[in-house]
Amino acid sequence: MPLEDGDPARWRGQQVNGEVSGTPHPRGTQAPDGSRTEAMAEEWEPGPALGDRDETPGGVLQRAGQEPGRREEALMAELSELVQKVVKSSSWWERHGVDISILACSFLLLPAGFLCLRSAQAIPFLVGVLTLGVVHHTLTVKGSHLASHNALTESKSWGKVWAVFFIELCSAFTAEQATYNHVKIHHGYTNVIGLGDSSTWKIPFLNRYVYMFIAPLAVPIITPLVALDLLRNVEWKAALRTLCCMFLGLYCHYWLLLNVSGFKSPWSALLCMLLTRSLLAHPYIHVNIFQHIGLPMFAADRKPKRIHLMSLGVLNLPRNALLDWSFGHSLISCHVEHHLFPSLSDNMCLKIKPVVSQYLKQKKLPYNEDTYASRLRLFLQRYEELMVHAPPITELVGIQ
């Protein structure tokens with residue numbers, strides 16, 4: 001996906017009722033020091049990653065000689081303590097078992113999906129397509145996302161194994177680059193222009209209808225191609241491992257369609273692969289842009305502290321049975337919770353949701369929620385502004 005390089009946006013937007021006009025700028029990601037961003041993304045109370053010039057939404061108070069930064073740190077510490085109590089009181093089943101069981105069930109459904117495709121009748125065949133499509137997205141989206149945050153296990157060694165399995169073997173992507181771009185950059189600098197502003201999801205030369213409804217069908221083709229390009233940035237051993245895993249995952253899918261599902265022609269098998277792997281590609285693209293783009297954006301040297309950064313720049317969608325299963329709660333209805341506490345599993349994000357939402361509302365901090373249909377209408381109506389033009393930088397005033 002080509003990205004447009006450019007100077008940082010100089011416009012400024014005025015926040016009104018938690019919303020800001022303007023959106024991220026389609027520019028390439030410039031990666032800062034890796035260890036610094038990793039600390040930001042995975043620690044619950046990270047310090048500033050780009051220097052000491054962070055300005056908080058209490059800027060008015062700061063100019064009056066007070067220290068709102070300490071207040072925000074105290075708020076994050078207090079919220080972290082409340083969440084930690086919930087985590088400590090939770091069983092292994094709640095922390096990891098529920099999500100592991102969902103992934104295991106998906107694996108168990110694979111034989112049924114491939115066998116249904118043997119049928120010459122339309123209904124069993126469609127059941128097979130739907131089954132394999134949902135299983136594919138459960139393993140590649142939910143599995144890869146949890147593995148990238150090491151949320152499937154408390155062992156870092158096993159976490160790396162699961163990351164390679166779900167990201168490289170199942171998703172045909174590179175684990176190192178996926179983890180770096182998502183965990184260190186996107187989570188470390190959420191909605192910071194030029195870093196974690198979701199600009200990698202923008203393709204400015206496509207019109208709104210092509211981008212929203214046609215382009216997602218190409219995700220299964222684009223993903224491995226992007227992965228191959230990113231292999232230039234990893235060590236040769238990791239690149240070789242990734243190539244082997246990608247080939248093995250794709251070939252196994254192809255081989256099973258020919259030898260288990262009974263496809264007679266290579267092209268029909270490849271077409272079925274494309275169909276099942278793109279079944280939920282539309283909501284996958286939509287979710288990734290709905291929950292950040294269109295919300296307040298910040299300059300790297302004028303961003304709020306963590307608790308304000310995540311509460312302002314992240315949005316939750318309503319619960320949806322299909323997307324909750326395939327993508328996970330942390331990507332749908334608990335995205336705010338996930339960005340505040342990224343190392344927690346989907347089930348734990350759902351469990352701490354009442355605590356986080358009540359705390360943020362009690363402290364009069366933003367807690368963004370909107371429906372899927374509402375966000376879809378917004379992006380169709382304001383596509384040029386949201387997905388093509390450079391965003392304004394949010395003024396950090398008036399937010400207490």
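Residues numbered from 1 in each chain as written. Predicted model: local features only at pLDDT ≥ 70, side-chain atom pairs only at ≥ 80, totals over all residues. Heavy atoms only, no water.

*Asks:* Is there a simple way to think about the UniProt feature "transmembrane region" (unreviewed entry) in the protein in this case?
*Replies:* Per the UniProt annotation, the sites labelled "transmembrane region" (unreviewed entry) are residues 209-231 and 238-256. Taken end to end, residues 238-256 has its terminal C-alpha atoms 27 Å apart, with 100% of it in helix and 0% in strand. (UniProt positions renumbered as here; feature names shortened; annotations may be inferred. Helix = DSSP H or I, 4+ residues; strand = E, 2+ residues; numbered from the N terminus.)

*Asks:* Help me out: how do you make sense of the packing of helix H10 (residues 236-259) against helix H11 (residues 266-277) in this one?
*Replies:* Each pair of packed helices gets described by two things: the angle between the helix axes and the distance between those axes. Here H10 crosses H11 at 120°, and the two axes come no closer than 9 Å. As summarised for this structure, H10 and H11 are arranged oblique, according to the angle between their axes. Helix-helix and strand crossings are classified by hand; for H10 and H11 the assignment is right-handed. Contacts between H10 and H11 involve Gly249, Leu250, His253, Tyr254, Leu257 and Leu258 from the first element and Pro266, Ala269, Leu270, Cys272, Met273, Thr276 and Arg277 from the second. Here the residues of the contact of H10 with H11 are counted per class, giving nine nonpolar, three polar and one charged. (Axes fitted to C-alpha atoms, helices over the stretch in contact; angles between N-to-C directions. Parallel < 35°, antiparallel > 145°, perpendicular 65-115°, else oblique. Left-handed = near helix turned anticlockwise from the far one by under 90°. Contact = heavy atoms within 4.5 Å. Nonpolar A, V, L, I, M, F, W, Y, C, P; charged D, E, K, R; others polar.)

*Asks:* For this particular structure, what's the right way to read the nonpolar core?
*Replies:* Generally speaking, a soluble globular protein has its nonpolar side chains buried in company with each other. Core analysis: the biggest nonpolar cluster contains 28 residues, and Ile307, Leu340, Phe341, Val356 and Leu360 have the highest contact counts within it. When contributions to this core are tallied by element, the ones reaching two or more residues are helix H3 (68-88), helix H13 (306-313), helix H15 (335-340) and helix H16 (346-362). Those residues within four positions of Ile307 in sequence are excluded, and the remaining contacts are Glu72, Leu75, Met76, Leu79, Leu340, Tyr359, Leu360 and Leu365. Grouped together as the second largest cluster of nonpolar side chains are 19 residues, Tyr211, Ile289, Tyr383 and Leu386 included. (Core = buried A, V, L, I, M, F, W, Y, C linked by side-chain atoms within 4.5 Å. Buried < 20%, exposed > 50% of the residue type's maximum accessible area, 1.4 Å probe, protein only.)

*Asks:* What is the right way to read unusual backbone geometry from this model?
*Replies:* Most peptide bonds take the trans configuration, and most residues that are not glycine carry a negative phi. In the Ramachandran plot, Ser198 falls in the positive-phi region, its phi being about 65° despite a non-glycine side chain. Relative to the elements of secondary structure, Ser198 occurs in the loop between helix H7 (175-187) and helix H8 (208-214). For Lys364, which is not glycine, the phi dihedral falls at a positive 60°. Among the structural elements, Lys364 can be located in the loop between H16 and strand E3 (368-369). Using a relative accessible area of 68% as the deciding quantity, one classes Lys364 as exposed.

*Asks:* How should the environment of Val183 be read in this particular structure?
*Replies:* Its location among the elements puts Val183 in helix H7. With a relative accessible area of 3%, Val183 lands in the buried category. Taking the C-alpha atoms as reference, Val183 lies 8.5 Å from Pro342; in sequence the two are 159 residues apart.

*Asks:* Which parts of the structure should I look at to understand H16?
*Replies:* Residues spaced three or four apart along an α-helix point in a common direction, a consequence of the helix completing one turn every 3.6 residues. Relative to the 24 Å expected for 17 residues at 1.5 Å per residue, H16 spans 24 Å between its end C-alpha atoms, a close match to the ideal helical length. Approximately 45° is the largest bend angle found in H16, and it occurs at Ile352, with the proline Pro354 only one to four residues beyond. Within the span of H16, buried status applies to Asp346, Asn347, Met348, Cys349, Ile352, Lys353, Val356, Ser357, Tyr359 and Leu360. Phi turns positive, to about 60°, at Lys364, one or two residues after H16. (Expected span 1.5 Å × (residues − 1). Bend = angle between axes of the 7 residues up to and from the residue.)

*Asks:* I keep staring at the packing of aromatic side chains and nothing clicks. Help me out?
*Replies:* Both the distance between ring centres and the angle between the ring planes are used here to describe each pair of aromatic rings. Counting across every chain of the model gives 13 aromatic pairs. Centroid distance Phe107 to Phe165: 5.7 Å. Interplanar angle 40°. Geometry classified as tilted. Linking Phe107 in helix H4 (residues 92-116) with Phe165 in helix H6 (residues 156-170), this pair joins segments that are 58 residues apart in sequence. What makes Phe107 partly exposed here is its relative accessible area of 30%. A ring pair is formed by Phe125 and Phe263, whose centres lie 6.4 Å apart and whose planes are at 55°; its orientation type is tilted. Separated by 138 residues along the polypeptide, Phe125 in helix H5 (residues 122-148) and Phe263 in the loop between H10 and H11 bring together distant segments of the chain. (Phe/Tyr/Trp six-rings, centres within 6.5 Å; stacked < 30°, edge-to-face > 60°.)

*Asks:* Help me understand the pattern of salt bridges, please; the structure alone is not making it clear to me.
*Replies:* A pair can form between side chains of opposite charge whenever their charged atoms are brought close. Evaluation of the coordinates by the stated rule reveals nine salt bridges. Its salt-bridge partner being Asp324, residue Arg319 comes within 3.3 Å of it at the nearest N-O pair. On the basis of relative accessibility, which here comes to 54%, the residue Arg319 falls in the exposed class. For Asp324, a relative accessible area of 7% puts it in the buried group. (Salt bridge = Lys/Arg side-chain N within 4 Å of Asp/Glu carboxyl O.)

*Asks:* In this structure, what is going on with the packing of H4 against H5? I would like to understand it.
*Replies:* Interhelical geometry of H4 versus H5 gives an angle of 150° and a closest axis separation of 8 Å. Comparing their axes, H5 and H4 come out roughly antiparallel. Where H4 crosses over H5, the two elements pack in a sense that is left-handed. Residues Asp99, Ile102, Leu103, Ser106, Phe107, Leu109, Leu110, Gly113, Phe114 and Cys116 of H4 touch H5, and the partners they reach there are Pro124, Phe125, Val127, Gly128, Thr131, Leu132, Val135, Thr138, Leu139, Lys142, Gly143 and Leu146. Residues that form the contact of H4 with H5 fall into these classes: 14 nonpolar, six polar and two charged.

*Asks:* I keep staring at the environment of Cys349 and nothing clicks. Help me out?
*Replies:* Summarising the element assignment, Cys349 is placed in helix H16. Sequence separation between Cys349 and Ser333 is 16 residues; the distance between their C-alpha atoms is 9.1 Å. Filtering out sequence-adjacent residues up to four positions away, Cys349 remains in contact with Ser330, Cys334, Glu337, His338 and Leu344.

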